[in-house]
Amino acid sequence: STRKVRDLLAYLASHGLVNEDKLVDLFWAQGGKSGFHSLHNSVTQLRRRLGKNWLLREFDGYRLAPETWIDTDHFSKSFREGKQAARQGRWEEARLLLGRAEALATGPFLENNPAEWTEGPRQRLSEELLQTRSLLAEHFSQHGKHTLAVELWKRVLQCDTCCEEAYRGLLVALRALGRRAEAVRVYQRCVDAYAQELDLKPPADLEALLDF
């Protein structure tokens, strides 16, 4: 199908019930009867692909059927429930929920779509993923599973090269594993990232973690 129809599907999957006026303003700048005709034509195409019962007309808008499985919804739900479980000290439950969320994260939200509306969901989901990985890494460190913690902290740094929490957690885990040479490389990468992106030096206590 066309890019416009795919974008319409993605938008509905991300926003629930949306007024048709808003959809026309967002995807068909010409507006008027032509814009509404284009919207209705796109809805017809989606219903042919999905089945008419999966794209519903409600009030003055459209939404996907409530039973539609949407990966971003399940990711965010698992993240929120896992974060809550972690706060309450239910770490085994938190590990399962956060692990489920991490497994659903296959890449940035609509990575190759430059549309302005994608920026909000992309930023929110990216932040939730960083917190998911950070919480999992903390869990593994607390339970002596430092190798797993190292891998998760590295994934955090792939998304945020200046994350102080990730550098600290990674250096602590490497220290626990006795991998000093790697810890030195990580610290130097931290120095470079802070200098290039923030024009700052890393927090002083990070270097002290190399003393082992």
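Scroll up to find the structure this text is about.
Treat the numbers as computed from the prediction; the structure is a model and nothing was measured.

Novice: How should I be thinking about the environment of Leu50 in this particular structure?
Specialist: Along the chain, the position of Leu50 falls in helix H3 (residues 32-50). Each C-alpha atom of the pair Leu50 and Leu110 lies 20 Å from the other, and the pair is 60 residues apart in sequence.

Novice: Would you take a moment to explain the nonpolar core for this structure?
Specialist: As a rule of thumb, nonpolar side chains are buried together in soluble globular proteins. Among the nonpolar cores identified, the biggest contains 59 residues, and Leu8, Leu12, Leu23, Leu39 and Tyr167 are the most heavily contacted of them. Top contributing element to this core by residue count: helix H6 (residues 119-142), with seven residues. The contacts of Leu39, once residues within four sequence positions are left out, are Leu8, Glu20, Leu23, Val24, Trp28 and Tyr62.

Novice: In this structure, what is going on with the state of the cysteines? I would like to understand it.
Specialist: Note on terminology: disulfide describes a covalent bond linking the sulfur atoms of two cysteines. This structure, assessed with the given rule, holds zero disulfides. We note that Cys159 lacks a disulfide partner, and the nearest cysteine sulfur, in Cys163, lies 9.9 Å from it. Not part of a disulfide, Cys190 finds its nearest cysteine sulfur in Cys162, a span of 7.5 Å.

Novice: What exactly am I supposed to notice about the side chain of Thr72 here?
Specialist: For Thr72, the position within the fold is in helix H4 (residues 71-87). Residue Thr72 is classed as buried on the basis of its relative accessible area, which comes to 15%. Those residues in contact with Thr72, other than ones at most four positions away along the chain, are Phe109 and Leu125.

Novice: Sorry, what's going on with the packing of helix H5 (residues 91-104) against H6 here?
Specialist: For any two helices packed against each other, one specifies the crossing angle of their axes together with the interaxial distance. With their axes 10 Å apart at the nearest point, H5 and H6 run at an angle of 140° to one another. Looking at the two axes, H5 sits oblique to H6. Considering how the two elements wind past one another, H5 and H6 form a crossing that is left-handed. Contacts from Trp91, Arg95, Leu98, Gly99, Ala101 and Glu102 in H5 reach Leu129, Thr132, Arg133, Leu135, Leu136, His139, Phe140 and Gln142 in H6. A class-by-class count of the residues in the contact of H5 with H6 yields seven nonpolar, four polar and three charged.

Novice: I tried to follow H4 on my own but got confused; where do I start?
Specialist: A turn of α-helix holds 3.6 residues, and therefore any two residues three or four places apart point the same way. Taking 1.5 Å per residue as the helical rise, H4 with its 17 residues ought to reach 24 Å, and the 24 Å between its terminal C-alpha atoms agrees with that figure. Every buried residue belonging to H4 is among Thr72, Phe75, Ser76, Ser78, Phe79, Gly82, Ala85 and Ala86, and all of these are buried. Buried residues along H4 sit against H5 and H6. At the C-terminal side of H4, Gly89 shows a positive phi close to 80°.

Novice: It is not clear to me how the packing of aromatic side chains should be interpreted in this structure. Could you clarify?
Specialist: Any pair of aromatic rings gets described here by the distance separating the centres and the angle formed by the planes. For the structure on display, the rule yields four aromatic pairs. With a centroid separation of 4.8 Å and an interplanar angle of 80°, the aromatic rings of Tyr11 and Trp117 are classed as edge-to-face. Taken as a pair, Tyr11 in helix H1 (residues 3-15) and Trp117 in the loop between H5 and H6 lie far apart in primary sequence, 106 residues in all. Residue Tyr11 is classed as buried on the basis of its relative accessible area of 4%. Residue placement shows Arg57 over the ring face of Tyr62; its charged tip is 5.0 Å from the ring centre.

About the cut-offs
- Residues numbered from 1 in each chain as written.
- Predicted model: local features only at pLDDT ≥ 70, side-chain atom pairs only at ≥ 80, totals over all residues.
- Heavy atoms only, no water.
- Helix = DSSP H or I, 4+ residues; strand = E, 2+ residues; numbered from the N terminus.
- Core = buried A, V, L, I, M, F, W, Y, C linked by side-chain atoms within 4.5 Å.
- Buried < 20%, exposed > 50% of the residue type's maximum accessible area, 1.4 Å probe, protein only.
- Contact = heavy atoms within 4.5 Å.
- Disulfide = S-S within 2.5 Å.
- Axes fitted to C-alpha atoms, helices over the stretch in contact; angles between N-to-C directions.
- Parallel < 35°, antiparallel > 145°, perpendicular 65-115°, else oblique.
- Left-handed = near helix turned anticlockwise from the far one by under 90°.
- Nonpolar A, V, L, I, M, F, W, Y, C, P; charged D, E, K, R; others polar.
- Expected span 1.5 Å × (residues − 1).
- Phe/Tyr/Trp six-rings, centres within 6.5 Å; stacked < 30°, edge-to-face > 60°.
- Lys NZ or Arg CZ within 6 Å of the ring centre and 35° of its normal.

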